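# Architecture and fold: a report
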Amino acid sequence: MQVSKKMLALAGVAAVSLAAAPAFAHHSFAMFDSTKNTTLEGTIKEFQWTNPHSWVQIVVKDASGKDVEYSIEGGSPNGLARSGWKRTSLKPGDKAVLVMHPLKDGTAGGSLVTVSVNGVKVGGTGG
């Protein structure tokens, strides 16, 4: 069986396209202001140990005393685990101090930098 040059070229293009697909699926962190750190003190509502990125839902009081829920994007479970995190590192009701890079548009969210529960830092960096 003879394979034409055209078929080899098409197979090569297909292989390169498939290999590049995961890179295209990963999003940018450009929406976060990495030049700023914002510290939040509040209560963990939920910790989502999910791929490709973990999420922390934390409820904080704003200046008027109103509860505001922030969605904080963290690293992958694999990366967090290598930094000492566990699926159970943050639990609903935990009192936490969280440092994040805020969203550039000012909405209640950001990229995780560090988090401490009861004064103890959890693992390494978040993202």
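Placed above this text is the structure.
Rules of the game
- Residues numbered from 1 in each chain as written.
- Predicted model: local features only at pLDDT ≥ 70, side-chain atom pairs only at ≥ 80, totals over all residues.
- Heavy atoms only, no water.
- Helix = DSSP H or I, 4+ residues; strand = E, 2+ residues; numbered from the N terminus.
- Buried < 20%, exposed > 50% of the residue type's maximum accessible area, 1.4 Å probe, protein only.
- Core = buried A, V, L, I, M, F, W, Y, C linked by side-chain atoms within 4.5 Å.
- Contact = heavy atoms within 4.5 Å.
- Salt bridge = Lys/Arg side-chain N within 4 Å of Asp/Glu carboxyl O.
- Pairing = 2+ DSSP bridges.

## Some points on the overall build of the protein chain
What the protein chain contains, in helices and strands, is two helices and six strands. A burial count over the protein chain gives 32% of its 127 residues as buried.

## Some details on the nonpolar core
Grouped burial of nonpolar side chains is what soluble globular proteins tend to show. The biggest cluster of nonpolar side chains holds 19 residues, and the ones touching the most others in it are Leu40, Ile58, Ile72, Trp85, Leu90, Leu98 and Val115. Sorting the residues of this core by element identifies strand S1 (38–48), strand S2 (55–61), strand S3 (67–73), strand S4 (95–102) and strand S5 (109–117) as the ones contributing at least two each. Excluding its chain neighbours within four sequence positions, the residues that come into contact with Leu40 are Ile58, Val60, Tyr70, Ile72, Ala96, Val97, Leu98 and Met100.

## Some remarks on the pattern of salt bridges
For side chains of opposite charge, pairing can occur when their charged atoms come near one another. In total, this model carries three salt bridges according to the counting rule given. Between Lys61 and Asp67 there is a salt bridge; the shortest N-O distance is 2.8 Å.

## Description of the pairing of S4
Here is the key point about a regular strand: its side chains alternate between the two faces of the sheet. The buried count for S4 comes to six of eight residues, which makes it a mostly enclosed element. By the bridge criterion, six bridges tie S1 to S4 in an arrangement that is antiparallel. Looking at S4, one finds that Thr43 is bridged to Lys95. As judged from the seven bridges shared by S4 and S5, these two strands associate in the antiparallel manner. Paired with Ala96 across the strands is Val117, a residue of S5. The hairpin turn running from S4 into S5, its antiparallel successor, is six residues long, and Gly106 in that turn takes a positive phi close to 85°.

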